[in-house]
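Listed below, chain by chain, are the residues.
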Amino acid sequence: MTPASDDGRALGDRLRSRDLSAAAPVLNMLESRSPEARAQTAALLHAVSPASVGGEAPGHVVGVTGPPGVGKSSLLSHLVEGWRGRGRSVAVLAVDPSSRRSGGALLGDRARIDVDPADRAVFVRSMAAGNRLGGLAPSTRAAASALAAAFDVVVIETVGVGQSETEVADVADTVAVVVQPGSGDVLQFLKAGIMEIPDVLVVTKADLGRVATRALSDLRSALRALGAQDTAVVAVSSVSPPAGIDDLIDALDAHRQSLDLPARRLRARRMHALADFSAEHGERGLRALGGRRAAEKWLAEQDPGLDVPALEEALGERTAQRG
Ligand SMILES: Nc1nc2c(ncn2[C@@H]2O[C@H](COP(=O)(O)OP(=O)(O)O)[C@@H](O)[C@H]2O)c(=O)[nH]1
Ligand SMILES: [Mg+2]
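Residues numbered from 1 in each chain as written. Chains lettered and ligands numbered in written order. Predicted model: local features only at pLDDT ≥ 70, side-chain atom pairs only at ≥ 80, totals over all residues. Heavy atoms only, no water.

1. Thoughts on the nonpolar core
The biggest cluster of nonpolar side chains holds 64 residues, and the ones touching the most others in it are Leu15 and Leu147. Take this core: its biggest share by element is six residues, from helix α9 (residues 210-225). Once you skip the residues sitting within four places of it in the chain, Leu147 turns out to touch Leu15, Ala23, Leu27, Ala91, Leu93, Phe123 and Val154. By size, the runner-up hydrophobic cluster in this structure holds 26 residues, among which are Val70, Val122, Val153 and Val178. (Core = buried A, V, L, I, M, F, W, Y, C linked by side-chain atoms within 4.5 Å. Buried < 20%, exposed > 50% of the residue type's maximum accessible area, 1.4 Å probe, protein only. Helix = DSSP H or I, 4+ residues; strand = E, 2+ residues; numbered from the N terminus. Contact = heavy atoms within 4.5 Å.)

2. Notes on the side chain of Ser139
Examined against the element boundaries, Ser139 turns out to sit in helix α7 (residues 138-147). According to the relative accessible area criterion, Ser139 is buried, its value standing at 16%. Excluding residues within four positions of it along the chain, Ser139 makes contact with Leu30, Glu31 and Met127.

3. So, the coordination of the magnesium ion (ligand 2)
For the magnesium ion (ligand 2), the full set of protein donor atoms is Ser73 (OG) and Glu157 (OE), and the range of their distances to it is 2.1 to 2.5 Å. One end of the pair, Ser73, is in helix α5 (residues 72-85); the other, Glu157, is in strand β4 (residues 153-159), and 84 residues separate them in sequence. Given the relative accessible area of 8%, Glu157 is considered buried. (Donors = N, O, S within 2.8 Å, 3.2 Å for Na, K, Ca; no water.)

4. Some remarks on unusual backbone geometry
Cis geometry is adopted by the peptide bond preceding Pro241, which originates at Ser240 and carries an omega value of -10°. Phi is positive for Arg18, which is not a glycine, with a value near 60°.

5. Observations concerning the sheet that holds strand β5 (residues 174-179)
Read across the sheet, seven strands follow the order β3-β2-β4-β1-β5-β6-β7 without closing on themselves; strand pairing throughout is parallel. A strand with exactly one partner marks an edge of an open sheet, and here the two such strands are β3 (122-128) and β7 (232-235). Averaged over neighbouring strand pairs, the angle between their axes works out to 20° when direction is ignored. As judged from the four bridges shared by β5 and strand β6 (residues 200-203), these two strands associate in the parallel manner. Directly across from Val179, in β6, lies its bridge partner Val203. (Pairing = 2+ DSSP bridges. Axes fitted to C-alpha atoms, helices over the stretch in contact; angles between N-to-C directions.)

6. Some words on α5
Along its 14 residues, α5 runs 20 Å from first to last C-alpha, staying within 8% of the 20 Å computed at 1.5 Å per residue. Across the 14 residues of α5, 10 count as buried, placing the element largely inside the fold. Burial in α5 covers these residues: Lys72, Ser73, Leu75, Leu76, Ser77, His78, Leu79, Val80, Gly82 and Trp83. The first or second residue beyond α5 is Gly87, which carries a positive phi of 80°. (Expected span 1.5 Å × (residues − 1).)

7. Points about the confidence of the model for the protein
In this model, the protein carries an average pLDDT of 90, and 93% of its residues clear a pLDDT of 70 or more. When mean pLDDT is taken per element in the protein, helix α10 (residues 245-258) scores highest with 98 and helix α6 (residues 104-107) scores lowest with 48. (pLDDT = per-residue confidence, 0-100.)

8. Quick look at the pairing of β6
Of the two faces of β6, the one lined by Val200 and Val202 and the one lined by Leu201 and Val203 are each fully buried. Read from β5 through helix α8 (residues 185-191) to β6, the crossover connection turns out right-handed. Two strands pair when backbone bridges link them, and β6 and β7 are joined in this way by four bridges, in the parallel orientation. Across the sheet, Leu201 pairs through a bridge with Val233, a residue of β7. A crossover connection joins β6 to the parallel β7 through α9; in handedness this β-α-β unit is right-handed. (Right-handed = clockwise from strand over helix to strand, strands pointing away.)

9. Side note on the packing of α5 against α10
For any two helices packed against each other, one specifies the crossing angle of their axes together with the interaxial distance. Where α5 meets α10, the closest approach of the two axes is 10 Å, and the angle between their N-to-C directions is 75°. For the element pair α5 / α10, the angle class is roughly perpendicular. Residue-level contacts link Leu75, His78, Leu79, Gly82 and Trp83 of α5 to Ile245, Leu248, Ile249 and Leu252 of α10. Considering only residue class, the contact of α5 with α10 consists of seven nonpolar, two polar and no charged. (Parallel < 35°, antiparallel > 145°, perpendicular 65-115°, else oblique. Nonpolar A, V, L, I, M, F, W, Y, C, P; charged D, E, K, R; others polar.)

10. Here's the deal with the pairing of β5
Burial runs high along β5: six of the six residues are buried. Of the two faces of β5, the one carrying Thr174, Ala176 and Val178 and the one carrying Val175, Val177 and Val179 are both buried. Looking at chain direction, strand β1 (residues 60-66) and β5 are connected through four bridges and run parallel. Bridging across to β5, Val64 finds its partner in Ala176.

11. Brief notes about the pattern of salt bridges
Scanning the model with the defined rule gives 16 salt bridges in all. Arg14 is the partner of Asp19 in a salt bridge, and the nearest nitrogen-oxygen pair spans 2.9 Å. Note on Asp19: relative accessible area 24%, which makes it partly exposed. Given a relative accessible area of 23%, Arg14 falls into the partly exposed group. The partner of Arg265 in a salt bridge is Asp173, with the nearest N and O atoms 2.8 Å apart. Of this pair, Arg265 sits in helix α11 (residues 261-288) while Asp173 sits in the loop between β4 and β5, and the two are 92 residues apart along the sequence. Since its relative accessible area comes to 8%, Arg265 is described here as buried. On the basis of relative accessible area, Asp173 is assigned to the buried category, the value being 1%. It is possible to trace a salt-bridge network through shared partners that takes in Arg86, Arg88, Asp246, Asp250 and Asp253. (Salt bridge = Lys/Arg side-chain N within 4 Å of Asp/Glu carboxyl O.)

Written out as structure tokens, the structure reads:
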């Protein structure tokens with residue numbers, strides 16, 4: 001027997017009543033691979049679905065992504081403090097590439113996200129990465145949507161830059177791409193159209209001075225040339241005295257305000273179901289759906305009221321019909 005506190009539906013109810021202490025058992029359940037946990041996860045996702053919550057989960061899901069060493073974790077320590085200063089509860093899911101076989105070499109001198117351990121309105125968890133750089137494990141998608149029922153802000157920190165390398169845009173309401181001053185990669189990707197225009201661009205290490213100022217102006221002129229001059233570009237420094245943190249929080253909030261949240265969340269649920277389906281059934285499963293593009297197209301035609309477990313079930317039924 002599982003204790004009642006580990007029951008998926010009970011945990012979902014706790015999140016819905018904004019019981020932040022549910023976060024740790026929720027993550028334990030989502031990361032467990034037992035068959036029992038799978039059924040409980042479906043119950044949890046149902047309990048935090050819009051139909052159960054009575055609308056989209058209130059939290060702001062923010063993706064923070066960029067190459068290793070750019071300063072994401074250092075920045076998050078300050079962002080968490082800034083959000084707390086505004087009275088918001090924060091959960092951070094740090095997707096850890098060290099669990100990948102080749103990941104160790106990427107890490108260098110990595111900072112940890114530094115938070116007040118006594119603050120119960122802050123939850124930080126490292127999670128395994130998906131199969132590709134920038135890829136998310138199914139448990140991270142589930143965790144983000146579940147925790148958004150309870151926390152004011154849910155951050156997913158991922159490593160990656162460019163197009164094929166990041167899945168965080170499928171999950172987050174707002175994606176901040178973090179740029180290293182003096183490295184032209186994001187600029188080149190934007191100009192070449194390889195990378196979709198992020199919701200917010202962040203230039204880190206503003207304390208480095210001119211190289212950071214240049215990165216800022218180069219990005220702004222590239223955005224203007226692309227007709228995306230409204231995209232916020234914010235410079236921050238995570239060394240004392242920290243700078244730009246409030247501006248960044250304001251920029252993230254402004255994006256959230258301007259967003260069609262139900263549309264973005266609906267897409268996130270469909271992509272989540274497809275990701276879970278392909279994690280379970282692999283390439284063969286996708287082929288049985290006629291390929292990824294066809295599956296996405298079909299999902300886009302389904303009832304917007306379906307939650308993730310229902311969408312997964314529908315995908316399974318579709319392979320059975322086609323097969
Ligand atoms: N000068 C300077 N160094 C920074 C800043 N932010 C981070 N760093 C350093 O950059 C390195 C990588 O930072 P980290 O936060 O681990 O980057 P992540 O891999 O993107 O999470 C560490 O040595 C940090 O001390 C900053 O604002 N200014
Ligand atoms: Mg980091």
